[in-house]
Amino acid sequence: MILSKYIIREQNEATVLKAIIDHYGISRAQVSTLTHLNKASVSSITKTLLDNQLIFEIGIGDASALGGRKPIRLEFNGHAGIGIALDIGYNYITAMMAFLNGDKIAAKTFDEVDIHASNIMEHLEKIISHFEKIAPETPHGIIGISLAVHGIVSDNQIAFTPYYDLDKINLQAILEEKYNYPIILENEANLTALGEYCFSDDQQKNVVSVSVHSGIGAGIVLDGKLHTGLNGTAGEIGHTILVPHGKNCPCGNHGCLEQYASNKVLFENYAAQKNLPPINSDDFTKALQTKEMLAEKLMKENMELLAIGLNNVAMMYNPEVIFINSSIYRKNPDWTLRLKEQIHSFVVQDIVIKNGTLADLATLYGGIANLSMNFLNISQLHFNNPLAQI
Ligand SMILES: [Zn+2]
């Protein structure tokens, strides 16, 4: 945990809280059985949690078969605090304010904005002050700000950003100076993986999420913890080498996967061969859905190359599921099925490959998950999918 100067709950408190989050309506006696903490400790901890308005008492449960006293049931207060999550793309910013449990309060999107070190604070201040003004009253107020960075983040600092110059400033320090909240920076693909881990209904223990946008990155969550490596570069599968002596890449290598299989390259190739101005995923989807030959040919090439990246990730981490976070595969789910068919090796045949369950909000939900995990001091945190139909 990186927020030592903020509220860090004692381990036992976090253990009790997790039991209450995971088991709606649990009684103190059941918490005691589940956590192996004695009843006096559970009683004292639940009192603290009630005082802090992190839990509620929700009424009386069934008496035990032996006719004991009817227990009082407990529920987590998912609205005890608010997180602000921002995703800084290379030409857009999306933002969401949500409660601890992912219930959305407000969202904002700015498309076609130039992002530079010199103007980023102006954009962020506008969004944050808007959210501060409309934030509802909660016991713990705003618990932090999460920034998703499209680049490498190490120890809460931006280390390298290939598609904008935010690695030239210390954004974390600038924001921390201005705001009295924890400021947490994390790589975009990592947050997407955390979002799927925390909010997807499947509740797997090991999850990889592969984000395909202008670049390609994978977030790896192993047993509730992000696997980031020594310098935050774990999961940078876009920079694994696909073609020896291939195309130049801003990372300094040649022939990196993302120079061949990113959405950016897919759209650029299509537009160049059709003599079109830049296109987006809607334009390409239209061409694909009318079975245009060039679009299908380029998509097939993209799928085959991306599958090589997925195969490598599956071999290295053996996750239960790989979520694909890509506008083009999201809009064309039959191609995600075909992508899975490209993974031939019997070694990883059991793996599930599917589109992310949080659509284009996965990174922002991941930001909320990261803030909640830090605030509650619980890494293996699971909430209901906020996009699921009720
Ligand atoms: Zn590279």
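The coordinates are above.
Conventions adopted
Residues numbered from 1 in each chain as written. Predicted model: local features only at pLDDT ≥ 70, side-chain atom pairs only at ≥ 80, totals over all residues. Heavy atoms only, no water. Axes fitted to C-alpha atoms, helices over the stretch in contact; angles between N-to-C directions. Helix = DSSP H or I, 4+ residues; strand = E, 2+ residues; numbered from the N terminus. Left-handed = near helix turned anticlockwise from the far one by under 90°. Contact = heavy atoms within 4.5 Å. Nonpolar A, V, L, I, M, F, W, Y, C, P; charged D, E, K, R; others polar. Phe/Tyr/Trp six-rings, centres within 6.5 Å; stacked < 30°, edge-to-face > 60°. Lys NZ or Arg CZ within 6 Å of the ring centre and 35° of its normal. Pairing = 2+ DSSP bridges. Donors = N, O, S within 2.8 Å, 3.2 Å for Na, K, Ca; no water. Tetrahedral: all angles 85-135°; square planar, octahedral: opposite > 155°, others 65-115°. Buried < 20%, exposed > 50% of the residue type's maximum accessible area, 1.4 Å probe, protein only.

What follows deals with the packing of helix α2 (residues 28-35) against helix α3 (residues 39-51). In the contact formed by α2 and α3, the axes pass within 9 Å of each other and the chain directions differ by 115 degrees. Every pair of crossing elements has a handedness; the one defined by α2 and α3 is right-handed. Packed against α2, whose contacting residues are R28, A29, V31, S32 and T35, the element α3 presents K39, V42, T46 and L50 at the interface. Of the residues assigned to the contact of α2 with α3, the class counts are four nonpolar, three polar and two charged.

Evaluated as defined, the whole model comprises six aromatic pairs. In this structure an aromatic cluster arises from ring pairing among F76, F199, Y365 and F383. For the cation-ring pair, K178 lies above Y179, with the distance from its terminal atom to the ring centre recorded as 5.8 Å. In this structure, R338 packs its charged tip against the face of W335, placed 4.0 Å from the ring centre.

Attention now goes to the sheet that holds strand β7 (residues 142-149). Taken together, the five strands give an open sheet; going across it, the order is β6-β5-β4-β7-β10, and neighbouring strands pair in mixed fashion. If you trace the sheet from one side to the other, it starts and ends with β6 (104-110) and β10 (183-187), each paired once. Strand-to-strand, the axes of this sheet are offset by a mean angle of 15 degrees, without reference to chain direction. Bridge count between strand β4 (residues 82-88) and β7: seven bridges; the pairing is parallel. Counterpart to I82 in the pairing with β7 is I142. Here helix α6 (residues 188-199) sits on the sheet in contact with β4, β7 and β10, set at roughly 100 degrees to β10. Contacts from helix α13 (residues 362-376) reach β4, β5 (93-99), β6, β7 and β10, with the element oriented near 140 degrees to β4.

The next point concerns the coordination of the zinc ion. Protein coordination of the zinc ion is provided by H239 (ND1), C249 (SG), C251 (SG) and C256 (SG), with donor distances spanning 2.0 to 2.4 Å. What the four donor atoms of the zinc ion show is an angle range of 102 to 125 degrees at the metal, which sorts the shape as tetrahedral. On the primary sequence, the residues serving as donors to the zinc ion are separated as H-x9-C-x1-C-x4-C. With H239 in the loop between β13 (225-226) and α7 (258-261) and C249 in the loop between β13 and α7, this residue pair connects regions lying 10 residues apart in the sequence. Summarising the burial analysis for this pair, H239 and C249 share the class buried.

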